[in-house]
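Chain residues, written in single-letter form:
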Amino acid sequence: MAKPGPAGPIPPITNPYPRPFIPPGTLAAIGLANRPGAAAAAGSSPAPSAPTPVAAPPSPPPVEPGEATARPDLGLLGPPEPADLPRAEAPALVPELAVLLRDTTIPSPRRREGSAPLFAARREPSSTHAVPTLLARREPSSAQSAPALVPALDALEFESPGGPRPRRSLPNLIPEPGAPVTVNLDRPLVERPPVEPPRRSLPNLLPEPGAPVSPLDRTLLAEAERREPPAGEPPVSKDISSSSPGTPQPGALHDLPTLVPVGLAVTQPAPVKPAPAPVLPTDVPVPLPRLPPIRVVPGVRDRWLWVGVVLAALAFLGAVASRLHRGGEPASEVAERVDPPPSADQPPAEPPPEATPEPAPAEPPREPAPPAVIPPGPPPLAGAAIVCPETADPAIGLLVAPFTPLAGEPLRVFAATLEGDVALGLHVLAGDGPAAGALDARVHLGTPSSAVAGFTPAAVGEYTFAVVRDGAAVTCSKVQVLGEPPQRPPFAAKGRAWAVERAWSAAEEALYSAWVRELFSAPPGDPLSFARLDVATGDPARNLLHDALGLREDRLDDPVALRLRPDGADLPYVVRAYWSWKRRLPFAYRKCKRGGDGKAPRCGDARTNLAPGPGFTMPATELARVQRFVHRNIGWGVHAGNARTAIGDSASDLYPVRLDHRGLRPGAVYADPYDHVFFVVDLVPARDGRPGALLAVDGEPDGGIVRREFWEGEFLWSTEPAHGGVGFKQFRPVVRQPGGGLVQLGDAAIAGAPDLGDIWTGHAELAGTAFYDAVLALFEPPPWDASRLQREAVAAFAELARSRVEPIARAAEFARDRKRAIAMPKGWQVFEATGAWETHSTPARDLRLLLALDVVLGLPDRVRERPNLYVTDGDPEARARALAEELDVLLRDPQYAITYTRSDGSPWTLSLRDLADREEALARAYNPNDCPELRWGAPEGSDELATCSFRAPAEQRARMEAYRGWLQQRRLPTRGDKSP
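Residues numbered from 1 in each chain as written. Predicted model: local features only at pLDDT ≥ 70, side-chain atom pairs only at ≥ 80, totals over all residues. Heavy atoms only, no water.

A. Expanded view of the overall build of the protein chain. Each helix and strand in the protein chain was counted, giving 17 helices and 30 strands. Within the protein chain, the fraction of its 980 residues that count as buried is 42%. (Helix = DSSP H or I, 4+ residues; strand = E, 2+ residues; numbered from the N terminus. Buried < 20%, exposed > 50% of the residue type's maximum accessible area, 1.4 Å probe, protein only.)

Take a look at the structure:
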């Protein structure tokens, strides 16, 4: 059976409208079909085979030319069209649609009840060819559709029942004017009689013919016909699609035949003339209705408000009357006034008459009430009469950590002052608990003097903590204890490292100094070291600010906690920045040059925590911002040159201080002439026969921290201007300007500050050993025991020598695994190189070792030169000879011996006498390409050197011999020096 096809070719349809811009994927042409046919569109697509002829369908019923055409599928009105129309135009309202056809006789498995399938050609975004697409359209009669000019589309699916269809190119979404567009219509395989479309009422416009008309609709139609348009205006056309002249007006409604192109039309209702407003007669008065009186009934809230106002007024009047009755006697605002008890020879005062109670009828008369005094009993709590002063002492600082305390969680109360040996006490004044209570505080005398105590609040509320000095409160602080931790924003403010809420003062400096002492506390004779700084800050027993912000910032087991690993020059800055961040204080630093050519380092403009530079504009947490500030800003911007700025240079981070207990308090910085920086952590005075000590920590290049005692062999001193300003210094206070910026105080401002004033620029007057004698006299007054000082110097020298063991072992392991030697810098860069040479070489460390050896060997001569400072028993020469003999015994003492690992892994032990005899060899023992035996000065041909397995290249050994003069002269080269 042949496949049915169209009765004849359909004439091409031209589009007279201009082509607008349509995005890819927009509907281009819509045709009527049940499945794709064999005919192809005209254009550039290949020519398909001719369609098979089939019987033509029955002719549609004739249409009268004067009758209007009803579109039952769309529910719209349009003009009648002839049966044989050679050309058709796309509707103007929807220019994207070229042709819109309908055939209700073609069934479809995807067709719903009352819907008509539409076949369309759609252009894909990635192709210029048309893709056949089946459109199922939702009718306006559906409950889910809204009335619209273009019906809604239910689905957009691809359907090709007839097999693969040759791809056709669609030249234009909307063809050029005059270009033909051919639409091929396929017929079904079986002849079917035309099916009468279902009758439906129009949802939006007018009802279908024959449908019942309600009385209301009939009345509205009659009223519309009765009214005429306004005078002077032409009648308004009801069909806005018939805009061209000569278009016939729509006539009676009837069904739309099949296979006829459908046009789009919009019907505009006729204008409605508003009804005239009624006119009231003016001669007849209109009586106004009499409204009932309005009575506002007050609500419950208003009633209680009035009750509160009345009670408040009564309370105020009662207070005024009581005040007048007492004759204006002042009342205490802090503690209740208690009258003193009556003495033995003075009778008690008579009670007022109104205070005598009336006797009960069934009981005998009562005695008069006793006077209003406290009867003798158990003594009140210690500090019950503690009264907070109106003005706090500005020299005493007080803090409570954590800064947001919670009920049931332990607190730390911490107070400090810089006023010398002052015994401080701590008390708590609770609102609901006891009137006052003394806390069990640990008191530390010195500069600063401090007190630390613990307290656990039992309930939520406000607590007052007081610092007591000589039995009276001098400073108080109120703390609000919460039941739950407060909510915090997820990100910190942009453009800053942390906020500033406090200012530096004498009290804040005292708290900072006492906190540093607690962080690195240990007995003077005990060794103290940390692998990193965060190991110390992560210890709650040491860090009084441990997790003070409640961010888990100091938990070593928390991956987001703060990680601190500064080296020697960065260590004082990082500790100061850590305290400033926790206390919300301003902080500043400068980027400085290292100096050279006989000039001291110079610094640029200061950077602060409020203006840290780039990198602080992205959203980040508070810990992330502080971590970046410490690691990037301070770690990359601070070096040893920051501490060696010239004396008198105000454009610097540090200022020189007097050599006294206040100037050398914990938190001070010591800069030596050879780019080594120490951080002072305690000054222990001599007490009860125990010697004093000045303790400082030293940051290693690998981030380790070791505590050192001040002595001449390690805290080097020089007054040469080429080395810059060396000695003890303090951080310059950072203050806020009126405009909001932060600046560092200059020397003049510090000298004029009443709570500071510890600046001193007379360091150049202390040449030679006078500087060390002045510092030693701070914690131990002369005359000194030379024998004890010599033993301490030998022990310190042994400790300094042992510090070389581990770096040399790491360098040997690193060099043993390398096929090439580590490159050796030239000239002065040997002491300031970077990379593997800086990590594994020890030129600066060896220079310090040689300087310490000079101090140990030269103590007998110092006794001869300055006998007034030492105990000599009247014979300085004899005392000097005895010291030399004691020194030789100490250097051979096994307790000071050093053991290192040779190249083959075997241990070798050296005495301090061996090191003293190898002074010349130690001047060229810093090359990491040499074996450990050579770096410890093993003589040639000795058993000790027999295990050496690698040596530095000959070219490097020759340069080391040329540079040996720098270590023999005990000085660092200046920048630019090529050789001594």
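That was the structure; now back to the text.
B. Summary view of helix 12 (residues 843-865). In a regular helix each residue adds 1.5 Å, so 23 residues correspond to 33 Å; helix 12 covers 32 Å between its end C-alpha atoms and thus fits that length. At Gly858, helix 12 shows its strongest bend, of approximately 50°, with the proline Pro860 following within four residues. (Expected span 1.5 Å × (residues − 1). Bend = angle between axes of the 7 residues up to and from the residue.)

C. Up close: the packing of helix 9 (residues 786-802) against helix 13 (residues 876-892). Where helix 9 meets helix 13, the closest approach of the two axes is 10 Å, and the angle between their N-to-C directions is 30°. As far as their axial angle goes, helix 13 and helix 9 are roughly parallel. Crossing of helix 9 against helix 13: the hand is right-handed. Of the residues in helix 13, those touching helix 9 at Ala786, Ser787, Gln790, Arg791 and Val794 are Arg879, Leu883, Glu886, Leu887 and Leu890. Looking at the contact of helix 9 with helix 13 residue by residue, the class counts come to five nonpolar, two polar and three charged. (Axes fitted to C-alpha atoms, helices over the stretch in contact; angles between N-to-C directions. Parallel < 35°, antiparallel > 145°, perpendicular 65-115°, else oblique. Left-handed = near helix turned anticlockwise from the far one by under 90°. Contact = heavy atoms within 4.5 Å. Nonpolar A, V, L, I, M, F, W, Y, C, P; charged D, E, K, R; others polar.)

D. Region of the structure containing the sheet that holds strand 23 (residues 677-684). Sheet architecture is open: seven strands sit in the order 18-25-24-23-22-26-21, paired in antiparallel fashion. Whereas interior strands pair on both sides, the edge strands pair on one side only; in this sheet they are strand 18 (529-530) and strand 21 (654-656). When strand 22 (residues 669-671) meets strand 26 (residues 727-731), the two strands line up antiparallel, connected through three bridges. Bridged to Ala671 within strand 26 is Gly727. (Pairing = 2+ DSSP bridges.)

E. Just the state of the cysteines, in detail. If you walk through the whole model with that rule in mind, you get three disulfides. In this model Cys388 forms its disulfide with Cys476; the gap between the sulfur atoms is 2.1 Å. Since a negative S-S torsion denotes a left-handed disulfide, the Cys388-Cys476 link at about -95° is left-handed. Linking Cys388 in the loop between helix 2 (300-325) and strand 10 (396-401) with Cys476 in strand 17 (residues 472-481), this pair joins segments that are 88 residues apart in sequence. A relative accessible area of 25% places Cys476 in the partly exposed class. If you count the bonded cysteines of the protein chain from the N-terminus, they pair up as 1-2, 3-4, 5-6. (Disulfide = S-S within 2.5 Å.)

F. Structural context of the sheet that holds strand 14 (residues 442-444). One open sheet holds the four strands; their spatial order is 10-11-15-14, and the pairing between them is antiparallel. Each edge of the open sheet carries a strand with a single partner, namely strand 10 and strand 14. Sheet twist, expressed as the mean angle between neighbouring strand axes with direction ignored, is 10°. Judged from the six bridges that link them, strand 10 and strand 11 (residues 411-417) form a sheet pairing that is antiparallel. Its bridge partner being in strand 11, Ala401 is matched across the sheet by Arg412. Most of the contacts of helix 3 (residues 506-519) go to strand 11, to which it runs at about 115°, and overall it touches strand 10, strand 11, strand 14 and strand 15 (449-455).

G. Here's a closer look at the packing of aromatic side chains. For the structure on display, the rule yields 31 aromatic pairs. Relative to Phe587, the ring of Trp498 has its centre 6.4 Å away and its plane inclined at 45°; by these criteria the two rings are tilted. Residue Trp498 is found in the loop between strand 17 and helix 3, and its partner Phe587 is found in the loop between helix 5 (571-583) and strand 19 (588-592); the two are separated by 89 residues along the sequence. The buried category is assigned to Trp498, whose relative accessible area is 3%. (Phe/Tyr/Trp six-rings, centres within 6.5 Å; stacked < 30°, edge-to-face > 60°.)

H. Region of the structure containing unusual backbone geometry. Here the bond from Thr447 into Pro448 is cis, since omega is 10°, no more than 30 degrees from zero. The residue Pro448 is located in the loop between strand 14 and strand 15 in this model. Cis rather than trans, the peptide bond between Pro782 and Pro783 has omega equal to 0°. In the Ramachandran plot, Asp675 falls in the positive-phi region, its phi being about 60° despite a non-glycine side chain. Here Asp675 is to be found in the loop between strand 22 and strand 23.

I. Examining helix 6 (residues 622-637) more closely. For helix 6, with 16 residues, the first-to-last C-alpha span of 21 Å sits near the 22 Å given by 1.5 Å per residue. Where helix 6 bends most, at Phe629, the angle is about 25°. Residues of helix 6 that are buried include every one of Leu623, Arg625, Val626, Phe629, Val630, Asn633, Ile634 and Gly637, and no others. Residues of helix 6 that are buried in the fold lie against helix 5, strand 19 and strand 20 (603-608).

J. Looking closely at the packing of helix 5 against helix 6. The geometry of helix 5 relative to helix 6 is characterised by a closest axis approach of 11 Å and an angle of 155° between their N-to-C directions. It follows that helix 5 is roughly antiparallel to helix 6 by the angle criterion. Crossing of helix 5 against helix 6: the hand is right-handed. Together, Tyr573, Val574, Ala577 and Trp581 of helix 5 and Glu622, Leu623, Val626, Val630 and Ile634 of helix 6 make up the contact between the two elements. Looking at side-chain class alone, the contact of helix 5 with helix 6 contains eight nonpolar, no polar and one charged residues.

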